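# Understanding the architecture of this molecule
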Amino acid sequence: FFFFIKRNKMRTATTTPSIIGLASILFFLLASSSGVSSFTPLAFSRRNNYFSKNRSTINMDNDSSSSGNGSTASSTPRHPHCDLPGDPSLILTTNVDLGNDKGDILKQLSALVAKVTKKPESYVAVCITDNADMIFGGSIDPLALGCVYSLGAINMENNGAIQSGVTDALEKYGVAEGRIYINFFDMPRENLGWNRATFAG
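Described in the following lines is the structure provided in the data block.

## A short note on the pattern of salt bridges
Following the criterion strictly, the structure yields 2 salt bridges and no others. With its nearest N and O atoms 4.0 Å apart, the salt bridge here joins K172 to D101. Here the residue K172 occupies a position in the loop between α5 (156–171) and β4 (180–186), and D101 occupies one in the loop between β1 (89–94) and α4 (102–117), the gap between them amounting to 71 residues. Classification of D101 by relative accessible area gives partly exposed; the value is 29%. Between K102 and D130 there is a salt bridge, with its nearest N and O atoms 2.9 Å apart. With K102 in helix α4 and D130 in the loop between β2 (125–129) and β3 (144–150), the pair connects residues that are 28 residues apart, well separated along the chain.

Laid out in structure tokens, this is it:
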């Protein structure tokens, strides 16, 4: 019985190195086939990173090639509205009575906006509301509030010229220059609607 145990121990002792040897050979072969000098966790990580970068590069190449071949963005024709100058508009509200002069003031301000923005007057729109209930600084003395919307041409020089022109037009009606507020908005094409579409198409 003791001889049997001793013999089994000897077999186990001789088998274990054989298994370790086979495992070492297997790891060596894997390392050699992967092109890595030593099959360590660091080397394995570098190998994975290498293939991950290659996969990313391949995906990017595929995306760029697909976007360049018959993509919707490149094949969509340019809408004719994209080449139009846009819609400069002035909306003005005052608490004074402009009487029969309102039509003349409308024409005066329309020409002013076209000249300052350098856009055709055929695209300029002006709206004036007079006799409105308004207050400025706690006082109902003559005042005016306005908004100018334009596709471009909104800058300090142009804004100042329009502000001055509106002040000139209302001055004789008792509206002081310090009681006129005008807000200026540079509008993106997609936010300006006209002719059942926008100026972006």
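## As for the side chain of N159
Inspection of the secondary structure assignment puts N159 in helix α5. Non-local contacts of N159, meaning those with residues more than four positions away in its chain, are made with I154 and F184.

## A word on the nonpolar core
Membership of the largest hydrophobic core comes to 23 residues, with the highest contact counts inside it found for L92, L98, I105, L109, V166, L170 and I180. Only β1, α4, β3, α5 and β4 provide two or more residues apiece to this core. No other element matches α4, which puts 6 residues into this core. Those residues in contact with V166, other than ones at most four positions away along the chain, are L90, L92, L109, L112, I180 and I182. Core analysis: the next-biggest nonpolar cluster, separate from the first, contains 5 residues, L84, M187, L192 and F199 among them.

## A short note on the side chain of N158
Secondary-structure assignment places N158 in helix α5. What N158 contacts, discounting residues up to four positions off in sequence, is V116 and A153.

## A word on α5
The end-to-end C-alpha distance of α5 is 22 Å, a good match for the 22 Å that 16 residues give at a rise of 1.5 Å each. Every buried residue of α5 is listed here: N158, N159, I162, G165, V166, T167, A169 and L170. Where α5 is buried, its residues meet β1, α4, β3 and β4. Here α5 starts with a cap whose side-chain oxygen sits 3.2 Å from the backbone nitrogen of E157, and that cap is N155.

## Thoughts on the environment of V116
Relative to the assigned elements, V116 resides in helix α4. By relative accessible area, V116 is classed as buried at 10%. For the pair V116 and G160, spaced 44 residues apart in sequence, the C-alpha separation works out to 9.7 Å. Not counting residues within four places of it along the chain, the set of residues in contact with V116 comprises N158, A161 and I162.

Conventions used here
- Residues numbered from 1 in each chain as written.
- Predicted model: local features only at pLDDT ≥ 70, side-chain atom pairs only at ≥ 80, totals over all residues.
- Heavy atoms only, no water.
- Salt bridge = Lys/Arg side-chain N within 4 Å of Asp/Glu carboxyl O.
- Helix = DSSP H or I, 4+ residues; strand = E, 2+ residues; numbered from the N terminus.
- Buried < 20%, exposed > 50% of the residue type's maximum accessible area, 1.4 Å probe, protein only.
- Contact = heavy atoms within 4.5 Å.
- Core = buried A, V, L, I, M, F, W, Y, C linked by side-chain atoms within 4.5 Å.
- Expected span 1.5 Å × (residues − 1).
- Polar contact = N/O pair within 3.5 Å; in protein donor to acceptor, adjacent residues only side chain to side chain.

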